[in-house]
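This is what each chain is made of:
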Number of protein chains: 2
Amino acid sequence: MTVQRRVILEELRAVTTHPTADELFHRVRDRLPNISLGTVYRNLDVLVRNRQARRIENGGGQCRFDGDMDRHYHIRCVVCGRVDDVAGPAPGGAMAPHVDAPGYEVTGFRLEYEGICASCRKATERPRAH
Amino acid sequence: MTVQRRVILEELRAVTTHPTADELFHRVRDRLPNISLGTVYRNLDVLVRNRQARRIENGGGQCRFDGDMDRHYHIRCVVCGRVDDVAGPAPGGAMAPHVDAPGYEVTGFRLEYEGICASCRKATERPRAH
DNA sequence: ATATATGCAAAGCTTTTGCCCTTTC
DNA sequence: GAAAGGGCAAAAGCTTTGCATATAT
């Protein structure tokens, strides 16, 4: 646990604005003028891996596109990133009205399932003690 | 409706893999060897605006981070991109089990509300006929 | 001491944009 | 023939990485 990592975590916890890496970098730099953006990125990775922070998901780097305009949901493989359609009815139709977000006009929600696809499950099967 | 746009849409509809722009570009290039990646991006934008395709959301370009590890949900302003916490209990606890995603081991879901935040609502207020 | 982390800068990747030419209506 | 769109290449923006140095345990 280095000074930099501690300050990054402190500053992240000190705000409720869900900052981007760059915003956090500027805050941290007020206290550690020599810190670099790369360090912030590296430490955010570590913190997320250690469950001390959360990355607000963006579902992987690249955008994907879908020509099927019927209402349906997606499931994304957390291992390989592939995206498949989820069969069946919309699961959460009654969900949105319950939101308590003061000041917001709530227009909808985005829902994406996560899982491990068939081929990634096969690839990660452990040899079993017999 | 140009040849390029039609082919892009045809190829997008021909697959169920939810391709990235680059994957689609390579498919389309088999039929239109001179097409450029920029054209694919521009047309995907148009198709999405025209509701002929969907962008599988990534919630805006940059990642955001959150130091609050308690289970809670977020709402994102679709105008300015800011992210706030949603107060109240988890809305969709009973949702995940209903998913029908053959082959997948479903590990969870990601849910993010969308809306227009207070200051963006103020900024877009229209002068009202009296 | 030795592994780990930092700072800095460069590279990587996806996406957007400018410019000029071509196609569409 | 005016308006929209395309091709190409450069730019932009976020994130990752290589490397030499410094810090932590």
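Scroll up for the structure.
Definitions and limits used
- Throughout this description, residue numbers start from 1 for each chain and increase along the sequence as written.
- Key to labels: chains lettered from A, ligands numbered from 1, both in the order written.
- At least 70 in pLDDT is required for a residue's local features to be given in this predicted model, at least 80 for side-chain atom pairs to be given and counted, and no such filter applies to totals for whole chains, interfaces and linings, which use all residues.
- Note that the side-chain values use all heavy atoms of the structure and ignore hydrogens as well as water.
- For this description, a residue counts as near a given molecule or strand if any of its non-hydrogen atoms is within 4 Å of it.
- Pairs of N or O atoms are called polar contacts if they sit within 3.5 Å, as long as, within protein, a hydrogen donor faces a hydrogen acceptor (for residues adjacent in sequence, only side-chain-to-side-chain pairs).
- In what follows, a contact means two residues having at least one pair of non-hydrogen atoms within 4.5 Å.
- Two parts placed together each lose some accessible area; with a 1.4 Å probe, that loss summed over both constitutes the buried area.
- One speaks of a salt bridge when a side-chain nitrogen belonging to Lys or Arg is within 4 Å of a carboxyl oxygen belonging to Asp or Glu.
- For the purposes of this entry, the term helix denotes a DSSP run of H or I that reaches at least four residues, the term strand denotes a run of E that reaches at least two, and both are numbered from the N terminus.
- Polar here means any residue other than Ala, Val, Leu, Ile, Met, Phe, Trp, Tyr, Cys and Pro, which are nonpolar, and Asp, Glu, Lys and Arg, which are charged; Gly is therefore polar.
- Note on pairing: DSSP must find at least two bridges between two strands before they are called paired.
- Disulfide: a pair of cysteine sulfur atoms within 2.5 Å of each other.
- To define axes, lines are fitted to C-alpha atoms, for helices over the stretch in contact only, and angles between the resulting N-to-C directions are given on a 0 to 180 degree scale.
- For classification, angles of less than 35 degrees are called roughly parallel, those exceeding 145 degrees roughly antiparallel, those between 65 and 115 degrees roughly perpendicular, and all remaining angles oblique.
- By definition, turning the near helix anticlockwise from the far helix through less than a right angle yields a left-handed crossing, and turning it clockwise yields a right-handed one.

Q: I'd like a description of the protein's contact with DNA strand C, backed by residues and values.
A: Close to DNA strand C lie 14 residues, the nearest being T2, T39, N43 and C63 of chain A together with Y41 of chain B. Counting only atoms of DNA strand C within 4 Å of the protein, the fraction found in sugar and phosphate groups is 72%. One nitrogen or oxygen atom from the side chain of R5 of chain A is found 3.2 Å from a phosphate oxygen belonging to DNA strand C. Between N43 of chain A and DNA strand C, the recorded distance is 2.9 Å, taken from a side-chain N or O atom to a phosphate oxygen.

Q: Quick one: what's the story with the interface of chain A and chain B, residue by residue and with numbers?
A: At the interface, 65 residues of chain A touch 65 residues of chain B. In terms of surface lost to chain B, no three residues of chain A exceed F65, Y104 and R110 of chain A, which account for 16% of the buried area on that side. Counting the contacts that link chain A with chain B gives six salt bridges. The salt bridge involving R64 of chain A is made with E23 of chain B; its shortest N-O contact spans 4.0 Å. Viewed at the interface, chain B and chain A are joined by 30 residue pairs in polar contact (both at pLDDT 80 or more). In terms of residue count, strand β5 (residues 105-116) of chain A provides more of the side of chain A that touches chain B than any other element does, 12 residues in total. Grouping the constituent residues of the side of chain A that touches chain B by class yields 28 nonpolar, 17 polar and 20 charged. As judged from the three bridges shared by strand β2 (residues 64-66) of chain A and strand β1 (residues 54-56) of chain B, these two strands associate in the antiparallel manner. Bridged to F65 of chain A within β1 of chain B is R55 of chain B.

Q: So what's going on with the state of the cysteines? Residues and values would help.
A: Following the criterion strictly, the structure yields zero disulfides over all chains and no others. The cysteine C63 of chain A is free of any disulfide, with C63 of chain B supplying the nearest cysteine sulfur at 12 Å.

Q: Explain the packing of helix α1 (residues 3-14) of chain A against helix α2 (residues 21-31) of chain A to me, using residue names and the numbers behind them.
A: Residue and element names in this part refer to chain A. Two elements in contact, α1 and α2, have axes separated by 10 Å at closest approach and are oriented at 120°. As summarised for this structure, α1 and α2 are arranged oblique, according to the angle between their axes. Relative to α2, α1 is oriented so that their crossing is right-handed. On α2, the residues that touch V7, I8, E10, E11 and L12 of α1 are L24, R27, V28 and R31. When the residues that make up the contact of α1 with α2 are grouped by side-chain class, the tally is five nonpolar, no polar and four charged.

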